[in-house]
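If you want the building blocks of each chain, they are given just below.
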Amino acid sequence: MSDLISVQTSTEKNYQLHFGHDLSDQLEFYIHSFSSKKAFVLVDAFVLEHHRLHFESALSKKFEELHIFEIPRGEQAKSFNIYQKALNFVLEKGVERETPLFAIGGGVTGDLAGFVAATVLRGIPLIHIPTTLLAMVDSSIGGKTGINHEVGKNLVGSFYQPEAVFADVKYLETLPHKEWVNGLSEVLKYGMIHSPEILEQVNSLLENDEFNNGKAWLPLIQKSAQIKTDIVAEDVLESGKRAYLNFGHTFAHVIEKEGNYSKYSHGEAVYAGMIAAVYASNELGAEIDPSNLLQFKSLYELSLNEITSSPEELVEFMKTDKKVKDEQIQLILLQEPSFPYVHKITEIELINQTWQHTLKIFQ
Ligand SMILES: NC(=O)c1ccc[n+]([C@@H]2O[C@H](COP(=O)([O-])OP(=O)(O)OC[C@H]3O[C@@H](n4cnc5c(N)ncnc54)[C@H](O)[C@@H]3O)[C@@H](O)[C@H]2O)c1
């Protein structure tokens with residue numbers, strides 16, 4: 001006889017991702033079965049101003065009470081202050097376990113609103129409606145939610161899966177060029193770690209002058225989302241394969257930090273980070289053609305000249321990344337195109353050289 005009790009838990013939850021141009025009908029059909037007459041919408045300020053009618057007309061057909069909370073634009077919104085304001089709003093309006101919360105915006109809105117949904121009453125139904133390329137191909141999938149802390153980005157949060165995701169490219173009609181480029185990096189990442197044909201498909205969007213055209217992007221958005229979904233499904237809590245999604249990101253986090261989280265966008269930093277990761281991979285014996293990525297350089301208009309820390313100092317910053325284990329830097333590198341692996345760094349000199357190389361490319 002043992003004193004032990006086994007508890008079986010599962011963090012897996014099945015949900016559907018919907019893709020298309022104008023998903024109002026699908027959204028109306030989906031919300032039809034909700035029992036609640038009330039819903040919350042946490043929405044990015046720009047999206048509220050420019051797309052209010054688009055989501056409100058669908059949601060108000062079902063929900064008699066639609067409480068809309070505006071999330072200020074920018075990374076600063078992922079703060080304790082806005083989190084608390086959003087919590088106050090939801091609690092003061094009255095919320096029950098079945099009351100759904102719609103997160104409508106980019107990754108900032110999705111992460112913050114997702115964390116509100118995860119923590120109010122220990123969890124209420126969350127529906128993501130991503131409105132940036134980055135959010136459609138990355139942040140709305142996989143259940144990471146959270147806010148920033150003064151010590152670092154995304155340090156407070158939880159894994160909380162949505163009930164559904166509606167990636168409606170109609171929202172992308174107002175997306176500025178720099179946000180397309182920002183999201184592009186994650187798409188290129190899927191090309192590098194999984195499906196090389198993605199790089200060619202991005203190229204044909206550029207050649208056909210369709211780079212800012214959401215409808216033309218739909219197949220690529222869907223393919224990218226599928227890759228992320230497949231990787232996450234194998235590793236919900238990020239203990240193994242999901243780490244591959246961090247290709248370029250350990251370098252990127254340092255660049256973002258160097259720019260005080262405002263000078264360089266996440267996408268710009270990831271792009272430079274991937275170029276660094278390719279260099280390090282090749283130094284360790286791979287033969288990856290750097291022009292696979294460098295061919296997109298002119299889209300980024302990125303200069304890292306203002307990074308004043310020395311390569312040695314940048315290496316020290318890398319040790320503070322939250323994915324570091326036992327102070328050992330872990331990089332996702334490529335054995336060959338589409339074959340990522342986790343590399344625990346023992347060759348600090350290699351990382352120094354990698355920084356020198358990357359800073360030179362982005363002079
Ligand atoms: N949860 C995850 O797995 C995950 C993954 C990657 C990134 N992230 C997080 O996502 C955030 C970045 O997301 P983002 O790049 O979408 O940033 P964002 O949410 O700040 O959006 C970027 C800008 O685009 C504007 N915008 C949003 N939708 C628009 C539209 N349809 N038309 C015009 N403008 C629009 C916003 O107002 C904002 O100014 C970061 O905080 C990052 O940490 C999370």
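So, a few notes on the structure that sits alongside this text. (Residues numbered from 1 in each chain as written. Predicted model: local features only at pLDDT ≥ 70, side-chain atom pairs only at ≥ 80, totals over all residues. Heavy atoms only, no water.)

## Brief notes about the overall build of the protein
- Assigned secondary structure in the protein consists of 14 helices and ten strands.
- When its C-alpha atoms are laid out on the principal axes, the protein stretches across 70 × 60 × 40 Å.
- Of all 363 residues assigned to the protein, the portion counted as buried reaches 54%.
- Here the analysis covers contacts within the protein between residues at least 6 apart in sequence; of these, 77% occur between residues at least 24 apart.
- Counting only carbon and sulfur atoms, one obtains 47% of the accessible surface of the protein, whose full area is about 17100 Å².
- Positive and negative side-chain charges of the protein, numbering 31 and 49 respectively, have mean locations separated by a distance of 5 Å. (Helix = DSSP H or I, 4+ residues; strand = E, 2+ residues; numbered from the N terminus. Buried < 20%, exposed > 50% of the residue type's maximum accessible area, 1.4 Å probe, protein only. Contact = heavy atoms within 4.5 Å. Areas by Shrake-Rupley, 256 points an atom, 1.4 Å probe, with all protein chains shown as cover. Lys, Arg positive; Asp, Glu negative; His and termini not counted. Charge placed at Lys NZ, Arg CZ, Asp CG, Glu CD.)

## Quick look at the pairing of strand E8 (residues 164-168)
- Of all the five residues making up E8, five are buried; the element is thus mostly covered by neighbouring parts of the structure.
- Both faces of E8 are covered, namely the face carrying Ala164, Phe166 and Asp168 and the face carrying Val165 and Ala167.
- In this sheet, E8 lies alongside strand E1 (residues 16-20) in parallel orientation, the contact comprising five bridges. Across the sheet, the residue bridging to Phe19 is Ala167, located in E8.
- Note: strand E5 (residues 126-130) against E8, two bridges, orientation parallel. Note that in E8 the partner of His128 across the bridge is Val165. (Pairing = 2+ DSSP bridges.)

## Some remarks on the environment of Glu283
- Position of Glu283 among the secondary structure elements: in helix H10 (residues 266-283).
- For the pair Glu283 and Gln353, spaced 70 residues apart in sequence, the C-alpha to C-alpha distance is 9.7 Å.
- Aside from chain neighbours lying at most four places away, what touches Glu283 is Leu350 and Gln353.

## Section: the environment of Trp180
- Its place among the elements puts Trp180 in helix H6 (residues 177-193).
- Of the residues examined, Trp180 reaches a relative accessible area of 0% and is grouped as buried.
- With 119 residues separating them along the chain, Trp180 and Leu299 place their C-alpha atoms 9.9 Å apart.

## Section: the pairing of strand E3 (residues 65-71)
- Most of E3 sits inside the fold, with five of its seven residues counted as buried.
- Relative to E3, strand E2 (residues 38-44) is paired through seven bridges, and the arrangement is parallel. Pairing of Ala39 across the sheet is with Leu66, part of E3.
- Once you follow E2 into helix H2 (residues 45-59) and on to E3, the crossover reads as right-handed. (Right-handed = clockwise from strand over helix to strand, strands pointing away.)

## Description of helix H13 (residues 311-318)
- Turning to H13, its buried residues are Pro311, Leu314, Val315 and Met318. Relative to the axis of H13, the buried residues are bounded by an arc of 105 degrees and lie together on one face. (Arc of directions from axis to C-beta.)

## Considerations on the site of the ligand
- In the vicinity of the ligand there are 26 residues, among which Arg73, Glu75, Thr131, Thr132 and Thr174 approach most closely.
- The contact in question runs from an oxygen atom of the ligand to an N or O atom on the backbone of Val108, over 3.0 Å.
- At 2.9 Å, a side-chain N or O of Asp111 approaches a nitrogen atom of the ligand.
- Burial of the ligand by the protein amounts to 92% of the accessible area it has alone, namely 860 Å².
- Listed by contribution, the elements that provide at least two residues to the shell around the ligand are H2, helix H4 (107-119), helix H5 (133-139), strand E7 (152-159) and H6.
- In terms of residue class, the shell around the ligand is built from seven nonpolar, nine polar and ten charged. (Near = heavy atom within 4 Å. Polar contact = N/O pair within 3.5 Å; in protein donor to acceptor, adjacent residues only side chain to side chain. Nonpolar A, V, L, I, M, F, W, Y, C, P; charged D, E, K, R; others polar.)

## Some thoughts on the packing of aromatic side chains
- Scanning the model with the defined rule gives 13 aromatic pairs in all.
- Ring centres of Phe211 and Trp217 lie 5.9 Å apart, and the angle between their planes is 65 degrees; on these two criteria the pair is classed as edge-to-face. Each member of the pair Phe211 and Trp217 is classed as buried.
- Relative to Trp355, the ring of Phe251 has its centre 5.3 Å away and its plane inclined at 70 degrees; by these criteria the two rings are edge-to-face. Taken together, the residues Phe251 in helix H9 (residues 249-258) and Trp355 in helix H14 (residues 348-361) connect sequence positions 104 residues apart. Pair check on accessibility: Phe251 and Trp355 agree, each one buried.
- Aromatic ring contacts, followed pair by pair, group Tyr30, Phe34, Phe63, Phe102 and Phe166 into a single cluster. (Phe/Tyr/Trp six-rings, centres within 6.5 Å; stacked < 30°, edge-to-face > 60°.)

## What about empty space enclosed by the protein?
- Counted by the stated rule, this structure contains three cavities of 30 Å³ or more.
- Roughly 70 Å³ of volume is contained in the largest cavity.
- Contributing to the lining of the largest cavity are Leu23, Ser24, Leu27, His54, Phe55, Ala58, Ile129, Phe166, Asp168 and Tyr171.
- Elements with a contribution of two residues or more to the lining of the largest cavity: helix H1 (24-31), H2 and E8.
- Broken down by element, the residue count for the lining of the largest cavity peaks at three residues, all from H2.
- Across the lining of the largest cavity, the residue classes tally to seven nonpolar, two polar and one charged.
- Of the voids in this model, the second largest cavity is the one considered here, and its volume is about 50 Å³.
- In terms of lining, the second largest cavity is formed by 14 residues, of which the most central are Gly105, Gly106, Gly110, His128 and Ser140. (1 Å grid on protein atoms, 1.4 Å probe; cavity = no way out; pocket = protein on both sides within 12 Å on 5 of 7 lines; lining within 4 Å. Points joined across faces, edges and corners; volume = space filled by probe spheres on them.)

Shape is all these values report; function is a separate question.
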